[in-house]
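# Survey of secondary and tertiary structure
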Amino acid sequence: METKGAGVRVSCLGPEGTWSEFAVRSMFSRAEIAFCRGFREAIELAEAGSTEYCVLPVENSIEGPVTPVLDALTSTGLRIVAEKIVSVRQALLAVGTDIRRVVSHPQALAQCEGRIRAMFPNAEIISVSSTSAGAIEAANREDTAVVGPPWLAQKYGLRVIAQDMSDYRFNLTRFICLGRGRPPRTGRDKTSLTLVLRDDGPGSLHRLLTPFAERLINLSMVVSRPEKEKPWRYRFFFDLHGHEDDSAVRSALSDISSMVTEMKVIGSYPREDWPQTDA
Ligand SMILES: O=C(O)C(=O)C[C@]1(C(=O)O)C=C[C@@H](O)C=C1
């Protein structure tokens, strides 16, 4: 997104150097970033109006959905206004050489689990709040390495021990930008919605999906998350190709409205196809 003059205020996961910061900088030409301790805090700053936007990872091509972010989307009044796909090439960084602990954000650890285990079969693997929080820890402990973006080396005084730590060739994280606007149709859009099915019987999910199939609307993500107050009931998150102002999308949503107890469009925004951004 182009911004003129003073930078637009954007909250994201901190401290400085996270993949989230990289995503902010690739979405905004000028951004004044508020670095937060967690995803919740980043959303709350934007909800309170302290920042205009909030950028969050929502899905990774290896590890799947970033579930705390999906869960937070249920209750926020903000809407998704943009998405960005980032190729997350994780490095392994440390001060010392006798590594007994490997720290990082749980998503980053999961993306590189096999490689970490192969390199350090006896190391303790420890989740921390972000890759850069892990870098600060690694900078202070000779026995600790961090998995994260390679630029953490210069920022926090670490050495790159290995590049390309991911267990698979592609490691892509999709970030979303939450804000207050409603981007107009572009003809290449995506709509994100969350809903809870009314019935939990045979064929209910099939019936829900039929109106999309009949209109040739592609669903690019389907995720179910537990309804916390109702054990063994589920909330669905759908991403579909199209804008909520498209007549096909509008009529499919109207068809399913009687099948749900709750439904919310989280946003309609320009769709990004990968690869676009390579760190
Ligand atoms: O810790 C970071 O650097 C983040 O921005 C978080 C995060 C994530 O939660 O998915 C972002 C991208 C990568 O997939 C790994 C970690």
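Predicted model only: the values in this text are computed from it and were never measured.

### As for the nonpolar core
In terms of nonpolar packing, the biggest core is built from 23 residues, with Leu-56, Ile-176 and Leu-178 touching the most fellow members. Sorting the residues of this core by element identifies α2 (39–47), β3 (53–60), α3 (67–75), β11 (172–179), β13 (219–226) and β15 (260–270) as the ones contributing at least two each. Both of domain 1 (8–88 + 171–181) and domain 3 (189–270) provide at least three residues apiece to this core. Contacts of Leu-178, omitting those with residues within four sequence positions, involve Ile-43, Glu-52, Tyr-53, Cys-54, Leu-56, Leu-73, Leu-78, Arg-79, Ile-80 and Val-81. Membership of the second largest hydrophobic core comes to 16 residues, among which are Val-8, Cys-12, Phe-28 and Val-88.

### Focus on the UniProt feature "domain: Prephenate dehydratase" (unreviewed entry) in the chain
UniProt records the feature "domain: Prephenate dehydratase" (unreviewed entry) for residues 9–180 in the present numbering. Secondary structure content for residues 9–180 is 32% helix and 34% strand, while the C-alpha to C-alpha distance between its ends is 13 Å.

### What to know about the site of the ligand
In the vicinity of the ligand there are 14 residues, among which Trp-19, Ser-20, Gln-111, Thr-131 and Thr-173 approach most closely. One of the side-chain N or O atoms of Ser-20 is found 2.6 Å from an oxygen atom in the ligand. A distance of 2.5 Å separates an oxygen atom of the ligand from a polar side-chain atom of Thr-131. When the free accessible area of the ligand is taken as 360 Å², the share hidden by the protein chains comes to 100%. Going through the elements one at a time, α1 (19–27), α4 (106–111) and β11 are the ones with two or more residues in the shell around the ligand. Split into classes, the residues belonging to the shell around the ligand amount to five nonpolar, nine polar and no charged. The residues that make up the shell around the ligand include at least three from each of domain 1 (8–88 + 171–181) and domain 2 (91–162).

### Some points on the packing of α2 against α3
Contact geometry for α2 and α3: axes closest at 10 Å, N-to-C directions at 30°. For the element pair α2 / α3, the angle class is roughly parallel. Once α2 is placed against α3, the crossing between them reads as right-handed. Of the residues in α3, those in contact with Phe-39, Arg-40 and Ile-43 of α2 are Pro-68, Val-69, Ala-72 and Ser-75. Class assignment for the residues of the contact of α2 with α3 results in five nonpolar, one polar and one charged.

### Looking at the packing of aromatic side chains
Following the criterion strictly, the structure yields six aromatic pairs and no others. Taking 6.0 Å as the distance between ring centres and 10° as the angle between the ring planes, the aromatic pair formed by Phe-236 and Phe-238 counts as stacked. Its relative accessible area of 1% is what places Phe-238 among the buried residues.

### A short note on the environment of Arg-174
Along the chain, Arg-174 turns up in strand β11. Looking at Arg-174, the relative accessible area reads 8%, which means it is buried. Sequence separation between Arg-174 and Val-66 is 108 residues; the distance between their C-alpha atoms is 9.7 Å. Residue contacts for Arg-174: discarding those within four places in its chain leaves Leu-56, Pro-57, Val-58, Glu-59, Glu-83, Lys-84, Ile-85, Lys-190, Met-221, Asp-239 and Tyr-269. Among the polar contacts made by the side chain of Arg-174, one reaches the side chain of Glu-83 at a distance of 2.9 Å.

### Things to note about the packing of helix α8 (residues 204–214) against helix α9 (residues 247–256)
Following both chains from N to C, one finds α8 and α9 inclined at 160°, their axes separated by 9 Å at the closest point. In terms of axis orientation, α8 runs roughly antiparallel to α9. Like other packed secondary-structure pairs, α8 and α9 cross with a definite hand, here right-handed. Across from Leu-208, Pro-211 and Phe-212 in α8, the residues of α9 making contact are Ala-252, Leu-253, Asp-255 and Ile-256. Each residue belonging to the contact of α8 with α9 can be placed in one class, and the counts come to six nonpolar, no polar and one charged.

### Considering the sheet that holds β15
Strand order across the open sheet formed by four strands is β13-β14-β12-β15, with antiparallel pairing between neighbours. Of all strands in the sheet, those bounded by a partner on one side alone are β13 and β15. Going across the sheet, the axis of each strand differs from the next one's by a mean of 15°, ignoring polarity. When β13 meets strand β14 (residues 234–241), the two strands line up antiparallel, connected through seven bridges. Looking across to β14, one finds that Ser-224 is bridged to Phe-236. This element, α9, spans β12 (189–197), β14 and β15 of the sheet and lies at about 165° to β15.

About the criteria used
- Residues numbered from 1 in each chain as written.
- Predicted model: local features only at pLDDT ≥ 70, side-chain atom pairs only at ≥ 80, totals over all residues.
- Heavy atoms only, no water.
- Core = buried A, V, L, I, M, F, W, Y, C linked by side-chain atoms within 4.5 Å.
- Buried < 20%, exposed > 50% of the residue type's maximum accessible area, 1.4 Å probe, protein only.
- Helix = DSSP H or I, 4+ residues; strand = E, 2+ residues; numbered from the N terminus.
- Domains from an automatic or database assignment.
- Contact = heavy atoms within 4.5 Å.
- UniProt positions renumbered as here; feature names shortened; annotations may be inferred.
- Near = heavy atom within 4 Å.
- Polar contact = N/O pair within 3.5 Å; in protein donor to acceptor, adjacent residues only side chain to side chain.
- Areas by Shrake-Rupley, 256 points an atom, 1.4 Å probe, with all protein chains shown as cover.
- Nonpolar A, V, L, I, M, F, W, Y, C, P; charged D, E, K, R; others polar.
- Axes fitted to C-alpha atoms, helices over the stretch in contact; angles between N-to-C directions.
- Parallel < 35°, antiparallel > 145°, perpendicular 65-115°, else oblique.
- Left-handed = near helix turned anticlockwise from the far one by under 90°.
- Phe/Tyr/Trp six-rings, centres within 6.5 Å; stacked < 30°, edge-to-face > 60°.
- Pairing = 2+ DSSP bridges.

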